[in-house]
Amino acid sequence: MVGLPQDPAALYRQIRSVLRDKESREDFVMPASYMFHDVPTTHEAQDADPVALVLGEMDRHGLDVALISLSANTEVAQRALTEHPGRFVASWTCDPNQGMAGLRTLVRMHEEWGVRAVSLFPHGVSPQVAIDAPQMYPIYAKCVELEIPVFVSVGIAGPRVPSMVQRVELIDQVMYDFPELVFVMRHGAEPWTDLAVKLMLKWPNLYYSTSAFSPRYYPANIIDYANTRGADKIIYGGYFPMGLSLDRIMTELAQVPLKAEVWPKFLRHNAARVLGLGDTDLGDIDRKTP
């Protein structure tokens, strides 16, 4: 997961509109700045081409392919997909409050831009919508129909908004109702990571992404699971430039105690399988594990 630089005021406009504490509304660069103290300031490079900037960072750190959101900085994202189809793949963020209009937009984006995944932020829409809420079910059904995964924020939200709509236990009912759905937990699942592991053991199509976490803070039980029965279930997810620089991510990644045979799956193969990327979709940069 990589973001294309843009003004934070535009990127976080929706979530900022529901924040209530003064610090979040007026002082924070991004809604969870109390957690991310060195947010990259790529948006301040006024003359820099955001696509070229991100590609340069990807090349510098050996990232072949980035999953980017068409919903944020849409025109720039479309240009990235058009000019560099081998380096970027698209996701689309759905707001379940939009009902059928949102589903029609998703289908159009899938047809026009080859969207490979749907993102859902239960805490970030207004009103909030729980993981197992009825409004979510049409989106889950459409993802099954389109044969694309859904990436869902789970656990305590970073922004200072209520988080109970993201309780990990809610996933259990969804996986029962949609056994064909490929569901990827995003943004930590804390403090319910033990339950997240238990559910991944139970449901074959349930995965976990390390997005929005500095590698030094990857939950220990997630790493233990990746090194044992979960080698095929844990997917690298970044957070550049939203909260972390690639310099920091890659420096800390080298200290993560994954087994040698797990690294290729974590960095590449699990994501490629979940996103439906074949060899022809992936770049030719020689892979190196930390």
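Residues numbered from 1 in each chain as written. Predicted model: local features only at pLDDT ≥ 70, side-chain atom pairs only at ≥ 80, totals over all residues. Heavy atoms only, no water.

**So, the confidence of the model for the protein chain**
Moving on, step 1. Confidence in the prediction of the protein chain, expressed as mean pLDDT, is 92, and 94% of residues score 70 or more.
Moving on, step 2. Low pLDDT, under 50, characterises residues 284–290; the predicted model gives this stretch 17 contacts beyond four residues in sequence or across chains. (pLDDT = per-residue confidence, 0-100. Contact = heavy atoms within 4.5 Å.)

**Examining the packing of aromatic side chains**
Moving on, step 1. For the structure shown, the criterion picks out nine aromatic pairs.
Moving on, step 2. Summarising the aromatic geometry, the rings of tryptophan 263 and phenylalanine 266 are spaced 5.9 Å apart at their centres and angled 65° between planes, so their arrangement reads as edge-to-face. On the criterion of helical spacing, the pair formed by tryptophan 263 and phenylalanine 266 is a turn pair, its members being three residues apart in helix 12 (residues 263–275). There is no split in this pair, since tryptophan 263 and phenylalanine 266 are both buried.
Moving on, step 3. Members of the aromatic cluster, joined through ring pairs, are Tyr137, Tyr140, Phe178 and Phe183.
Moving on, step 4. Between arginine 160 and the ring centre of tyrosine 34, over which it is positioned, the NZ or CZ distance is 4.9 Å. (Phe/Tyr/Trp six-rings, centres within 6.5 Å; stacked < 30°, edge-to-face > 60°. Helix = DSSP H or I, 4+ residues; strand = E, 2+ residues; numbered from the N terminus. Buried < 20%, exposed > 50% of the residue type's maximum accessible area, 1.4 Å probe, protein only. Lys NZ or Arg CZ within 6 Å of the ring centre and 35° of its normal.)

**Digging into the sheet that holds strand 2 (residues 88–93)**
Moving on, step 1. Taken in spatial order, the seven strands line up as 1-2-3-4-5-6-7 in an open sheet, and their pairing is parallel. The outermost strands of the open sheet, each flanked by one partner alone, are strand 1 (66–69) and strand 7 (234–235).
Moving on, step 2. Strand direction decides the pairing type here: strand 4 (residues 150–153) and strand 5 (residues 183–186), joined by four bridges, are parallel. Within the sheet, the bridge partner assigned to serine 153 lies in strand 5 and is arginine 186.
Moving on, step 3. Lying on the sheet, helix 7 (residues 137–146) is in contact with strand 3 (117–120), strand 4 and strand 5; it crosses strand 3 at an angle near 165°. (Pairing = 2+ DSSP bridges. Axes fitted to C-alpha atoms, helices over the stretch in contact; angles between N-to-C directions.)

**Details of unusual backbone geometry**
Moving on, step 1. Proline 127 follows serine 126 through a cis peptide bond whose omega is 0°.
Moving on, step 2. For proline 127, the location among the structural elements is in the loop between strand 3 and helix 7.
Moving on, step 3. Here the amide bond leading from phenylalanine 240 into proline 241 is cis, since omega sits at 0°, within 30 degrees of zero.
Moving on, step 4. Here proline 241 shows up in the loop between strand 7 and helix 11 (246–253).
Moving on, step 5. One non-glycine residue, glutamate 147, lies in positive phi territory at about 60°.
Moving on, step 6. For glutamate 147, a relative accessible area of 73% gives the class exposed.

**A look at the state of the cysteines**
Moving on, step 1. Inspection of the entire model under this criterion finds zero disulfides.
Moving on, step 2. Considering cysteine sulfurs only, cysteine 143 is the nearest to cysteine 94, which forms no disulfide, with 6.7 Å between them.
Moving on, step 3. Overall, the relative accessible area of 6% leaves cysteine 94 in the buried class.
Moving on, step 4. Cysteine 143 sits in the buried class, given a relative accessible area of 1%. (Disulfide = S-S within 2.5 Å.)

**As for the packing of helix 6 (residues 99–113) against helix 7**
Moving on, step 1. Axis separation between helix 6 and helix 7 bottoms out at 11 Å; the angle between their running directions is 20°. With respect to their mutual orientation, helix 6 and helix 7 come out roughly parallel. As for the relative orientation of helix 6 and helix 7, their crossing is right-handed in sense. Between helix 6, through Leu103, Leu106, Val107 and His110, and helix 7, the contact on the second element is made entirely by Pro138, Ile139, Lys142 and Leu146. (Parallel < 35°, antiparallel > 145°, perpendicular 65-115°, else oblique. Left-handed = near helix turned anticlockwise from the far one by under 90°.)

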